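These are the residues of each chain, in order.
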Amino acid sequence: MLKPLGDRVIVTVEEQEEQTVGGIVLASNAKEKPQTGKIVAVGAGTVTDSGKQLPVSVKEGQTVMFDKYAGSEVKFEGQSYLVLHEKDLMAIVD
Amino acid sequence: MLKPLGDRVIVTVEEQEEQTVGGIVLASNAKEKPQTGKIVAVGAGTVTDSGKQLPVSVKEGQTVMFDKYAGSEVKFEGQSYLVLHEKDLMAIVD
Amino acid sequence: MLKPLGDRVIVTVEEQEEQTVGGIVLASNAKEKPQTGKIVAVGAGTVTDSGKQLPVSVKEGQTVMFDKYAGSEVKFEGQSYLVLHEKDLMAIVD
Amino acid sequence: MLKPLGDRVIVTVEEQEEQTVGGIVLASNAKEKPQTGKIVAVGAGTVTDSGKQLPVSVKEGQTVMFDKYAGSEVKFEGQSYLVLHEKDLMAIVD
Amino acid sequence: MLKPLGDRVIVTVEEQEEQTVGGIVLASNAKEKPQTGKIVAVGAGTVTDSGKQLPVSVKEGQTVMFDKYAGSEVKFEGQSYLVLHEKDLMAIVD
Amino acid sequence: MLKPLGDRVIVTVEEQEEQTVGGIVLASNAKEKPQTGKIVAVGAGTVTDSGKQLPVSVKEGQTVMFDKYAGSEVKFEGQSYLVLHEKDLMAIVD
Amino acid sequence: MLKPLGDRVIVTVEEQEEQTVGGIVLASNAKEKPQTGKIVAVGAGTVTDSGKQLPVSVKEGQTVMFDKYAGSEVKFEGQSYLVLHEKDLMAIVD
């Protein structure tokens, strides 16, 4: 299992088609990289200078939209994931 | 439905003509990108280092003017939107 | 009406001549862009990390001198305006 | 013995194969550098401006995934190590 | 009259000769721009994030030495001035 | 005697061989610059914005490992030294 | 007289020879610029955001070693000086 650190979240990457499950399609010619994913794990949040931990504002199971080119791709037990910082998440797809 | 995260707002993009609904036209040769839009959703605001949430100063339904080239374009259920950070909003068109 | 957001001010742009109304002329060869204007609207100010709103130090009706190339030009109901951040204002012309 | 300073951790670098012990393989063509390692030493943490020490969120013995190209390689008594800042650690492999 | 804003000061620019009034001459080949001037107006100071106003540490009438190339030149009622940020002032010439 | 200022430390630079005293050898082709040294003097530490002095976390006599290319080389009474910022120190060699 | 502002110090520049008074010689080929000087004047220190003044940690009469290429050269009443920020001072030569 992968446990993201800090304000990171791990999402499963959906193969992008003309019309995705969440219904999001890029407006322009940026179809080579997916922009939605389902959150499978969430970090404990950033620790501020005063030692306070700020929890991440999203949670496991949510579908999120994220900045194109954001995040790092990893493979774990044969499955592809994207590790993203919270700031790279633009919106929750409800 | 798209729920913007942090200090983001989502606006519907108006096709720009010589004279838009809000009456705003770019002074120079920057007509290839719209600069006004109607807010359809607003994030909960930024969380500061002390853990305080600063609400966004605009709200759903307002027409806003934003920096040229700002934001990320997305499509959701066939409709185009622009996701913008609050700092990219220049003025409310009343 | 345009209501500037944050620490922004909106000024009417005066066409620059050899000797402007405010009496300010650029010393060198930078005459292609005006540097004075009259403030027509002022934002509510920046909100700091502690949630405090810092009011803008200028007000409607004042003539201000601003950094060359600063601001964004917009047209609203046939009139040209310049949207500036407070930090771009150099001095009040009294 | 190497005692990392500040928020640094020292990891033993695993030679990367098609399928590593932790099961992590890079999705794309970045196989020339390993991305997992076992933590052998952890620094005391960053000291903030208020003089507070923020402990590092990982500990000795954990297997971590880190940003490609992050860290500095060193050799100590014939063994290779990677010195990383806490922020370069993406996730704990459990 | 010009009233500088924030931490700005306005100085009258002295034409630089081999030996200026303040006695300061640049050591190297940087004689194309003056480096001393007399302060004619001082802003109210910067407002910090906590809303506190930090007064500028120089005052009207003082001769100051400033970083070469710093500031913006303006003309007002036929006279040349230089608008400088406090941080650009290196020393008071007494 | 050289007394380092702020968070600086002064180290004696060891000529690097294939196997140094501390046992550290660079993994790759970076043998032209040493990476270990013995601390001979330590500054009083950084002063924070609140006026608090944060002492340096290392002390005289310790052998430290530092980032390649970090620091400034000086000679004092015929001996070579390296002046480093605390942040450039990676680990204590025990 | 020159009174440095903020965290600046003014030093007299010593012509560098193979073996200077302070005994410091640059290790490599950087002999074109001196690296030691005697402090002749010290600013009142930086004012922090909370309005607190942080005094400079060096004083008049001390010989200091500073970063190569740091500071601005000025001439005052026929004498050359270097104006430096406190952060550019590496060590006190005792």
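Residues numbered from 1 in each chain as written. Chains lettered and ligands numbered in written order. Predicted model: local features only at pLDDT ≥ 70, side-chain atom pairs only at ≥ 80, totals over all residues. Heavy atoms only, no water.

Chain A is annotated in an unreviewed UniProt entry as Co-chaperonin GroES of Lapidilactobacillus mulanensis. Under Subunit (unreviewed entry), UniProt gives the following word-for-word description of chain A: "Heptamer of 7 subunits arranged in a ring. Interacts with the chaperonin GroEL." Recorded in UniProt under Subcellular location (unreviewed entry), the annotation for chain A is "Cytoplasm". (UniProt positions renumbered as here; feature names shortened; annotations may be inferred.)

1. A few points about the interface of chain D and chain A
By convention, interface size is frequently given as the accessible area that disappears when the constituent parts associate. Between chain D and chain A, the contact holds 23 residues from the first and 19 residues from the second. Carbon and sulfur atoms make up 58% of the surface buried where chain D meets chain A, a total of about 1600 Å² over both sides. Seen at the junction of chain D and chain A, the total is one salt bridge. With a closest N to O distance of 3.2 Å, aspartate 94 of chain D and lysine 3 of chain A form a salt bridge. Summed over the shared surface of chain D and chain A, the number is eight residue pairs in polar contact (both at pLDDT 80 or more). Per element, the largest residue contribution to the side of chain D that touches chain A is five residues, and it comes from strand S10 (residues 89-93) of chain D. The residue inventory of the side of chain D that touches chain A, partitioned by class, reads 12 nonpolar, six polar and five charged. (Contact = heavy atoms within 4.5 Å. Buried area = accessible area lost by both parts, 1.4 Å probe. Salt bridge = Lys/Arg side-chain N within 4 Å of Asp/Glu carboxyl O. Polar contact = N/O pair within 3.5 Å; in protein donor to acceptor, adjacent residues only side chain to side chain. Helix = DSSP H or I, 4+ residues; strand = E, 2+ residues; numbered from the N terminus. Nonpolar A, V, L, I, M, F, W, Y, C, P; charged D, E, K, R; others polar.)

2. A short note on the environment of valine 47 of chain F
Note on placement: valine 47 of chain F falls in strand S5 (residues 46-47). Sequence spacing of valine 47 of chain F and aspartate 7 of chain F is 40 residues, and the spatial spacing of their C-alpha atoms is 8.9 Å. Setting aside chain neighbours within four positions, we find valine 47 of chain F in contact with Lys52 and Gln53 of chain F together with Leu54 of chain G.

3. Examining the pairing of strand S7 (residues 63-66) of chain A
Residues and elements named next belong to chain A. On S7, burial covers both faces: Thr63 and Met65 on one face and Val64 and Phe66 on the other are all buried. As defined by bridge partners, strand S4 (residues 36-42) adjoins S7 across three bridges and the pair is classed as antiparallel. Residue pairing in the sheet places glycine 37 in a bridge with valine 64 of S7. As paired elements, S7 and strand S10 (residues 89-93) share four bridges and run antiparallel to each other. Counterpart to threonine 63 in the pairing with S10 is valine 93. (Buried < 20%, exposed > 50% of the residue type's maximum accessible area, 1.4 Å probe, protein only. Pairing = 2+ DSSP bridges.)

4. Focus on the relation of the copies chain D and chain F
Once chain D is rotated about the relating axis by 52 degrees and shifted along it by 0.0 Å, it coincides with chain F to within an RMSD of 0.0 Å. Of the residues that chain D buries at the interface, just 11% are likewise interface residues in chain F, meaning the two copies contact each other through different surfaces. (Least-squares fit on C-alpha atoms with pLDDT ≥ 70 in both.)

5. Some words on the relation of the copies chain D and chain A
Once chain D has been moved 0.0 Å along the axis and rotated by 51 degrees, it coincides with chain A to within an RMSD of 0.0 Å. Little of the interface of chain D is mirrored in chain A, where only 9% of its interface residues again form contacts.

6. Quick look at a negative patch on the surface
Where like charges cluster on the molecular surface, the negative patch consists of Asp49 of chain A, Asp49 of chain B, Asp49 of chain C, Asp49 of chain D, Asp49 of chain E, Asp49 of chain F together with Asp49 of chain G. Position of aspartate 49 of chain G among the secondary structure elements: in the loop between strand S5 (46-47) and strand S6 (53-54). For aspartate 49 of chain G, a relative accessible area of 46% translates into the label partly exposed. (Patch = residues over 30% accessible without salt bridge, like charges linked within 9 Å, V, L, I, M, F, W, Y side chains within 5 Å. Areas by Shrake-Rupley, 256 points an atom, 1.4 Å probe, with all protein chains shown as cover. Lys, Arg positive; Asp, Glu negative; His and termini not counted. Charge placed at Lys NZ, Arg CZ, Asp CG, Glu CD.)

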